[in-house]
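# Overview (structure and organization)
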Amino acid sequence: MFFIGIFGVEDKEKEIKIVDKIQCKSCNNITRGRLIKSFRYFHFFFIPIFKWNEEYYIVCESCNKVFSISKDKGKDIENGNNIEITYWDLKEINMNYNYTSVCNNCKKVVDSEYEYCPYCGNKLR
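Note that the coordinates shown come from a computational prediction; the quantities given were computed from them, not determined experimentally.

### A look at the side chain of N64
Looking at the element boundaries, N64 is found in the loop between β3 (47-60) and β4 (66-69). Here the side chain of N64 touches N104 through a polar contact of 2.8 Å, side chain to side chain. Once residues within four sequence positions are removed from consideration, N64 is found in contact with V59, V102, N104 and K107.

### Side note on the packing of aromatic side chains
Within the structure shown, the criterion is met by five aromatic pairs. Plain terms: the ring middles of F7 and F42 are 6.2 Å apart, the flat faces sit at 40° to each other, and that makes the pair tilted. Of this pair, F7 sits in strand β1 (residues 7-23) while F42 sits in strand β2 (residues 30-44); the two residues are 35 residues apart in sequence, bridging distant segments of the chain. Residue F7 is classed as exposed on the basis of its relative accessible area, which comes to 56%.

### What to know about the pattern of salt bridges
For the coordinates displayed, the defined rule picks out nine salt bridges. Across the salt bridge formed by R34 and E15, the nearest N and O atoms sit 3.0 Å from each other. Of this pair, R34 sits in strand β2 while E15 sits in strand β1, and the two are 19 residues apart along the sequence. On the accessibility criterion, R34 (7% relative accessible area) is buried. In this structure, the salt-bridge partner of E54 is K75, at a minimum N-O distance of 2.9 Å. On the criterion of sequence distance, the pair formed by E54 in strand β3 and K75 in helix α1 (residues 71-78) is long-range, its members being 21 residues apart. With a relative accessible area of 15%, E54 lands in the buried category. A relative accessible area of 32% means that K75 is categorised as partly exposed. Shared partners join several salt bridges into a network, and the residues in it are K37, E54, K71, K75 and E78.

Reading the values: rules and limits
- Residues numbered from 1 in each chain as written.
- Predicted model: local features only at pLDDT ≥ 70, side-chain atom pairs only at ≥ 80, totals over all residues.
- Heavy atoms only, no water.
- Helix = DSSP H or I, 4+ residues; strand = E, 2+ residues; numbered from the N terminus.
- Polar contact = N/O pair within 3.5 Å; in protein donor to acceptor, adjacent residues only side chain to side chain.
- Contact = heavy atoms within 4.5 Å.
- Phe/Tyr/Trp six-rings, centres within 6.5 Å; stacked < 30°, edge-to-face > 60°.
- Buried < 20%, exposed > 50% of the residue type's maximum accessible area, 1.4 Å probe, protein only.
- Salt bridge = Lys/Arg side-chain N within 4 Å of Asp/Glu carboxyl O.

Below, the structure written as structure tokens:
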């Protein structure tokens, strides 16, 4: 019997929902934001087995600024609960953190050090 084990660990981002009526801390507009879930997962034969390092972000559609929100609120929204995200829930991401930029073409959150988007190839700066 011959067995090939295909397994690995990958990072993934998933857009959960468009959130209406958030007040952005950066541009002070009441606008829409995209809720993004970022996580790392282990897969076996391309089937995800378990996830860890789950984090939730809101990306302002007006200024493309990225804010983190609590894991509890992010999970509640992902589960379909009608949770309001307030001005005080948005936590500005430290500039030393990896995810500080958003691609204008594909709208994915990327590392601010990239010159080109790793997802679509669009020039970021």
